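This is what each chain is made of:
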Amino acid sequence: MLIGVAGLALAGCAGGGDDDAPDGQAGGEGGGGGDQVTLTVATFNEFGYEELFEQYMTENPNITIEHTKADTADNARDALRNSLGANAGAADIEAVEVDWLVEFMQYPDKFADLSSPEVEGRWLDWKVDAATTDDGKLIGYGTDIGPEAICYRADLVEAAGFPSDREGFAEWIGDSWESYFAAGREFVAASDSAWYDSAGALWQGMTNQIEVPYETPEGEIIAATNPEVRAAYDAVLKASVEDGLSAHLGQWSTDWAQSFQGDEFATMLCPGWMLGIIEGNAAGIEGWDIANVFPGGGGNWGGSYLTVPAQGDHVEEAIALAQWLTAPEQQIQAFLAKGTFPSQPAAYEDPALVDSTNAFFNDAPTGQIFIDRANAVEFQPYKGPNYFVINTAIQDAITRVDVDGSADAESSWAQFVSDVEAIG
Amino acid sequence: MSTVTDAPTRTRGRRPDDDRPPRRIGLSQRLGTWDVKLSPYLYISPFFVLFAITGLFPLLYTAYVSMHDWDQIMGQGEFVGLEHFRFVLGHSDFWVSLRNTISIFLLSSVPQVLVAITLAALLDSNLRARTFWRMGVLLPYVVAPVAVSLIFSNLFADRFGLVNAALGLIGVEPIRWHSDPLASHVAIATMVNFRWTGYNALIFLAAMQAIPRDLYESAWIDGAGRVRQFFSITVPMLRPTIIFVAITSTIGGLQIFDEPRLFDQYGRGGAGSQWKTLTIYLYELGWTQSNFGRASAVAWLLFLVIVAFGLVNLAVTRRIADTR
């Protein structure tokens with residue numbers, strides 16, 4: 001263990017030599033004290049922080065960072081719930097996904113208040129608002145956001161006889177769900193492939209454009225009676241099943257991951273963090289591209305925060321590290337490493353982000369595309385404490401119809417209504 | 001028993017001493033009696049002390065939790081009596097999970113015991129490199145259940161899985177492993193069987209080797225073939241072991257969790273609860289919905305189900321013991 005830590009530190013030195021000084025300023029303060037401090041950081045999936053940790057440890061020799069990475073966001077959520085319930089065992093910094101941030105907002109006393117003049121105005125307004133309690137306590141520092149574009153297989157679109165260049169494609173599919181589905185109907189008539197991967201994936205795009213989807217800010221559960229939810233539900237299932245636009249794959253399933261190796265579907269909703277996933281699953285497949293357009297205007301899917309549980313022994317040092325990690329400079333590094341798109345507007349002017357392109361996606365100017373997509377996001381839907389549970393229930397309802405084929409839209413909705421009633 | 005008969009024996013060999021009060025003899029004698037009577041309990045007490053801490057206390061505490069509103073993070077709320085039991089028993093998810101649990105249990109335990117006995121009989125015969133084969137059947141048991149689940153969820157993928165590809169070669173329609181309840185139960189039971197059959201085979205093998213060989217020799221002289229020997233000697237002599245294996249696999253089977261949880265990407269037992277078992281339902285209530293009260297109610301109901309199955313096992317055991 002000791003040897004491992006020493007090795008990391010050395011590697012950090014070697015890599016840190018040519019890094020610029022300004023980063024050091026942000027991190028140098030607050031680390032304070034001469035005592036050796038070990039900070040634990042718990043994340044999930046890919047945050048792109050590995051190299052940043054080494055840089056931080058080099059600049060702050062008294063800090064040792066231990067990184068725990070959960071395989072899925074759901075498992076990270078369960079682990080954090082457990083630690084908070086037991087009042088022990090949480091990491092010094094815990095990453096929290098936006099979909100379950102709100103349930104943790106119910107327990108503000110369990111988290112350190114992160115508000116500070118230094119970070120004022122660092123994030124997009126809606127990103128900060130979502131993590132601020134009514135009495136002004138800031139629970140989490142924003143890391144990334146998931147502005148959505150459309151990723152597509154240019155080769156399949158071209159073979160079907162439709163415009164396949166970025167601009168032509170964007171114009172063809174238009175910027176509403178109706179036009180996106182209409183283009184899909186034209187496409188499936190001319191091709192053996194489906195239009196998109198999964199109705200469940202589309203649901204994430206559509207529900208994130210409903211301002212108050214499942215719960216009112218007053219705490220009333222309206223999911224089963226909200227006409228907007230029902231309309232989106234009917235629209236996505238009609239397109240998926242009746243019009244046959246869906247490849248009927250359960251998102252994240254083994255089948256789904258494998259399907260990237262074939263010609264199963266032509267388009268995907270594409271938040272920034274999805275690029276790395278597509279590239280991984282579709283290794284060796286050529287033809288992927290990304291269009292600067294999204295049905296229904298802008299949409300945000302996912303994105304995370306760093307929280308500091310109050311139970312930790314080194315709250316002060318943890319806040320300093322979290323502040324440093326979520327500074328625009330660092331978040332750009334994370335974007336370049338893993339595609340997690342910054343939630344800090346200052347980053348959108350940085351040439352490192354603006355000029356970045358992605359070779360796998362036909363050298364698309366992904367930096368500029370996602371900046372545009374982020375600016376198109378007008379609001380973040382209100383997510384109440386039961387958001388995660390309700391969204392899971394409706395995702396199940398959609399899966400029953402789209403993937404399993406074990407129920408029709410009507411009976412599956414009835415099951416969803418009874419699932420929602422059982423919450424309590 | 002009485003002091004009148006015992007006292008002389010205790011003082012035998014010593015010089016007679018009438019002054020000595022009989023009470024002292026009585027004390028040492030009583031200590032001796034205590035020693036004989038209590039020591040065995042003392043020796044096995046560590047198990048029961050541990051059991052009380054790690055088994056009995058959680059069991060009772062779970063019952064206490066199940067009668068309160070109990071948030072995972074905020075802890076204890078109001079006393080609600082049997083409300084959580086009423087809710088759980090009135091909710092279709094409980095009955096569906098009970099059905100799934102029993103179905104997966106039957107699909108795994110029954111074939112498992114049958115195959116394990118056959119395998120043990122084969123291993124008991126004269127094989128070259130006997131130890132190699134015997135260790136070989138234990139190999140799947142060494143593999144972590146999580147790894148097993150990952151491999152099998154690839155094999156049983158609906159569209160691009162190996163099993164469906166193989167079935168396609170012989171012209172069978174692809175099976176919807178993740179949509180059809182029975183198919184998903186078969187797939188999960190296959191994982192369980194893969195892991196536990198070899199283990200049970202070794203238990204049976206150990207029991208088979210304890211069967212006196214002269215029984216087989218006499219049978220051989222009487223003209224009984226291998227199959228006849230197996231059914232008339234081996235199986236009857238294995239009865240206690242069969243019961244043991246049946247009980248342990250009942251308890252394990254009803255608590256099945258790893259395999260169904262890792263059967264798909266979400267671990268919730270399927271969008272239509274196709275393979276949601278009682279433990280997964282419990283986990284969902286407690287950890288997804290943060291409702292420890294209801295989760296504890298399910299834990300208690302699961303306990304009662306296992307006790308019920310245990311009693312059935314016991315009844316069967318008694319009957320077999322009587323017929324012998």
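Please read these numbers as outputs of a predicted model, since none were measured by experiment. Note on numbering: residues in each chain are counted from 1, in written sequence order. Following the order in which they are written, the chains are lettered starting with A and the ligands numbered starting with 1. Given that the model is predicted, a residue must reach a pLDDT of at least 70 before its local features are reported, and side-chain atom pairs must reach 80 or more before they are shown or counted; all residues, however, enter totals for whole chains, interfaces and linings. Think of the side-chain values as coming from all heavy atoms in the structure, minus any hydrogens and water.

**Notes on the packing of helix 9 (residues 213-221) of chain B against helix 10 (residues 226-237) of chain B**
Residues and elements named next belong to chain B.
- At a minimum axis separation of 11 Å, helix 9 and helix 10 run at an interaxial angle of 160°. Taken as axis vectors, helix 9 and helix 10 run roughly antiparallel relative to one another. The element helix 9 and its partner helix 10 pack so that their crossing is right-handed. In this structure, helix 9 contributes Leu 215, Tyr 216, Ala 219 and Trp 220 to the contact, and helix 10 contributes Gln 229, Ile 233, Thr 234 and Met 237.
- Here the nonpolar group is Ala, Val, Leu, Ile, Met, Phe, Trp, Tyr, Cys and Pro; Asp, Glu, Lys and Arg are the charged ones; every other residue, Gly included, is treated as polar. Across the contact of helix 9 with helix 10, the residue classes tally to six nonpolar, two polar and no charged. Note on method: axes are straight lines fitted to C-alpha atoms, helices fitted across the in-contact stretch only, with angles between N-to-C directions ranging 0 to 180 degrees. Counting from the N terminus, the helices are DSSP H or I runs at least four residues long and the strands are E runs at least two residues long. Roughly parallel here means an angle under 35 degrees, roughly antiparallel means over 145, roughly perpendicular means 65 to 115, and every remaining angle is called oblique. By the definition used in this description, the sense in which the near helix is turned from the far one sets the handedness, with an anticlockwise turn below a right angle giving left-handed and a clockwise turn giving right-handed. Two residues form a contact once any of their heavy atoms are found within 4.5 Å.

**Things to note about helix 6 (residues 145-155) of chain B**
- Within the span of helix 6 of chain B, buried status applies to Pro 145, Val 148, Ser 149, Phe 152 and Ser 153 of chain B. What you see down the axis of helix 6 of chain B is that its buried residues fit within an arc of 125°, all on one side.
- Turning to helix 6 of chain B, the residues buried within the fold contact helix 12 (254-259) of chain A together with helix 8 (181-209) and helix 12 (258-261) of chain B. For the exposure calls, accessible area comes from a 1.4 Å probe over protein chains only, and a residue counts as buried if that area is under 20% of its type's maximum, exposed if over 50%, partly exposed in between. Arc definition: it is the arc formed by the directions from the helix axis to the C-beta atoms.

**Quick look at the domain arrangement of chain B**
Residue and element names in this part refer to chain B.
- Looking at chain B, the domain boundaries give domain 1 (3-65) and domain 2 (84-323).
- Each partner contributes to the interface: domain 1 provides four residues, whereas domain 2 provides six residues.
- Carbon and sulfur atoms make up 79% of the surface buried where domain 1 meets domain 2, a total of about 440 Å² over both sides.
- By buried area we mean how much accessible surface two parts lose on assembly, using a 1.4 Å probe and totalling the loss over both. Together, Leu 59, Thr 62 and Val 65 form the three largest contributors to the area buried by domain 1 at its contact with domain 2, with a combined 83%.
- The salt bridge definition used is simple: a Lys or Arg side-chain nitrogen within 4 Å of an Asp or Glu carboxyl oxygen. Scanning the region where domain 1 abuts domain 2 turns up zero salt bridges.
- Contacts described as polar in this section are N or O atom pairs within 3.5 Å, which, within protein, must combine one atom able to donate a hydrogen with one able to accept it, while residues neighboring in sequence count only if both atoms come from side chains. Inspection of the region where domain 1 meets domain 2 yields one residue pair in polar contact (both at pLDDT 80 or more).
- Grouping the constituent residues of the side of domain 1 that touches domain 2 by class yields three nonpolar, one polar and no charged. Segmentation into domains, and thus their bounds, comes from an automatic or database assignment.

**Thoughts on the domain arrangement of chain A**
Residues and elements named next belong to chain A.
- The domain architecture assigned to chain A consists of domain 1 (2-145 + 302-354) and domain 2 (149-300 + 383-421).
- Each of domain 1 and domain 2 was reduced to a C-alpha centroid, and the two centroids are 31 Å apart.
- Facing 14 residues of domain 1, the contacting portion of domain 2 comprises nine residues.
- Looking only at domain 1, the three residues that lose the most surface to domain 2 are Asp 99, Val 102 and Gly 302, adding up to 41% of its buried area.
- Counting the contacts that link domain 1 with domain 2 gives one salt bridge.
- Taking the shortest distance from any N to any O, the salt bridge between Lys 383 and Asp 99 comes out at 2.7 Å.
- Our enumeration of links across domain 1 and domain 2 arrives at two residue pairs in polar contact (both at pLDDT 80 or more).
- Elements with a minimum of two residues in the side of domain 1 that touches domain 2: helix 4 (73-86), helix 5 (98-105), strand 4 (140-153) and strand 8 (300-307).
- Residues of the side of domain 1 that touches domain 2, tallied by class, amount to five nonpolar, four polar and five charged.

**Some thoughts on the pairing of strand 2 (residues 63-70) of chain A**
Residues and elements named next belong to chain A.
- Pairing between strands is defined by DSSP: at least two bridges between them are needed. Bridging between strand 1 (residues 37-44) and strand 2 involves eight bridges; their strand directions are parallel. In the sheet register, Thr 40 faces strand 2, and the bridge partner there is Glu 66.
- With respect to chirality, the unit in which strand 1 leads through helix 3 (residues 50-59) into the neighbouring parallel strand 2 is right-handed. Crossovers are marked right-handed if the path from the first strand over the helix to the second runs clockwise, as seen with the strands pointing away from the viewer.

**Overview of the nonpolar core**
All names here are of chain A.
- Take the buried residues of types Ala, Val, Leu, Ile, Met, Phe, Trp, Tyr and Cys, join any two whose side-chain atoms come within 4.5 Å, and each joined set is a nonpolar core. Judged by nonpolar contacts, the single largest core of 86 residues is most densely connected at Trp 195, Ile 278 and Trp 288.
- Per-domain counts for this core show at least three residues from each of domain 1 (2-145 + 302-354) and domain 2 (149-300 + 383-421).
- Residues within four places of Trp 288 in sequence aside, it is in contact with Cys 151, Tyr 152, Arg 153, Phe 260, Phe 265, Met 268, Ile 278, Ala 282, Phe 360, Phe 361 and Asn 362.
- With 47 residues, the next largest nonpolar core counts Ala 76, Tyr 107, Trp 123 and Ala 318 among its residues.

**Brief notes about the interface of chain B and chain A**
- Tallying the contact residues gives 29 residues for chain B and 35 residues for chain A.
- Carbon and sulfur atoms make up 43% of the surface buried where chain B meets chain A, a total of about 2,600 Å² over both sides.
- Joining chain B to chain A, the criterion identifies three salt bridges.
- Between Arg 159 of chain B and Glu 264 of chain A there is a salt bridge, and its shortest N-O distance comes to 3.5 Å.
- Among the secondary structure elements, those contributing two or more residues to the side of chain B that touches chain A are helix 6 and helix 13 (278-288) of chain B.
- With three residues, helix 13 of chain B is the largest single contributor of residues to the side of chain B that touches chain A.
- Broken down by class, the residue content of the side of chain B that touches chain A amounts to nine nonpolar, 13 polar and seven charged.

**Focus on the side chain of Thr 392 of chain A**
- Relative to the assigned elements, Thr 392 of chain A resides in helix 18 (residues 387-404).
- In this structure the side chain of Thr 392 of chain A is engaged in a polar contact, spanning 2.6 Å, whose partner is the backbone oxygen of Phe 388 of chain A.

**Some remarks on the state of the cysteines**
Residues and elements named next belong to chain A.
- Sulfur atoms of two cysteines make up a disulfide when they are within 2.5 Å. What the rule picks out here adds up to one disulfide over all chains.
- Two residues share a disulfide in this structure: Cys 151 and Cys 270, whose sulfurs sit 1.9 Å from each other. Taking the torsion about the sulfur-sulfur bond, which here is approximately -65°, the covalent link between Cys 151 and Cys 270 counts as left-handed. With Cys 151 in strand 4 and Cys 270 in strand 6 (residues 265-271), this residue pair connects regions lying 119 residues apart in the sequence.
- Overall, the relative accessible area of 0% leaves Cys 270 in the buried class.

**What about the confidence of the model for chain A?**
Residue and element names in this part refer to chain A.
- The pLDDT value tells you how sure the predictor is about a given residue, anywhere from 0 up to 100. Residue-level pLDDT values for chain A average 88, and 92% of them are 70 or greater.
- In the model of chain A, helix 1 (residues 2-16) stands out as the element of lowest mean pLDDT, 36, in contrast to strand 5 (residues 194-196), which has the highest, 97.
- With pLDDT under 50 throughout, residues 1-33 is counted as low confidence; its partners more than four residues away or in other chains account for 29 contacts.

**Section: the packing of aromatic side chains**
- Geometry of aromatic contacts follows a simple scheme: Phe, Tyr and Trp rings, the Trp one being its six-membered ring, pair when their centres are within 6.5 Å, and the pair is stacked under 30 degrees between planes, edge-to-face over 60, tilted otherwise. Going through the model one piece at a time under the given rule, you end up with 57 aromatic pairs over all chains.
- Look at Trp 177 of chain A and Phe 294 of chain A: their rings are 5.8 Å apart centre to centre, the planes differ by 80°, and that puts the pair in the edge-to-face class. Here Phe 294 of chain A lies in the loop between strand 7 (288-291) and strand 8 and Trp 177 of chain A lies in helix 9 (residues 177-190), a separation of 117 residues in the sequence.
- A ring pair is formed by Tyr 283 of chain B and Trp 287 of chain B, whose centres lie 5.1 Å apart and whose planes are at 10°; its orientation type is stacked. Note that Tyr 283 of chain B and Trp 287 of chain B are positioned in helix 13 at a spacing of four residues, about one turn of the helix.
- In textbook terms, an aromatic cluster arises when at least three aromatic residues are bridged by ring pairs, as seen for Tyr 152, Phe 162, Phe 169, Trp 172, Trp 177, Tyr 180, Phe 181, Phe 187, Trp 195, Tyr 196 and Phe 294 of chain A.
- To sit over a ring, a charge needs its Lys NZ or Arg CZ within 6 Å of the ring centre and within 35 degrees of the ring normal. For Arg 230 of chain A, the ring lying beneath its charged end belongs to Trp 413 of chain A, and the centroid distance is 4.7 Å.

**Let's talk about the side chain of Ser 246 of chain A**
Residues and elements named next belong to chain A.
- Mapped onto the elements, Ser 246 comes out in the loop between helix 11 (227-242) and helix 12.
- Exposure remark for Ser 246: the relative accessible area of 4% places this residue in the buried category.
- Separated by 2.7 Å, the side chain of Ser 246 and the backbone nitrogen of His 248 make a polar contact.
- Apart from the residues lying within four places of it in its own chain, the contact partners of Ser 246 are Ala 194, Tyr 196, Asp 197, Ser 198, Ala 199, Ala 239, Ser 240 and Asp 402.

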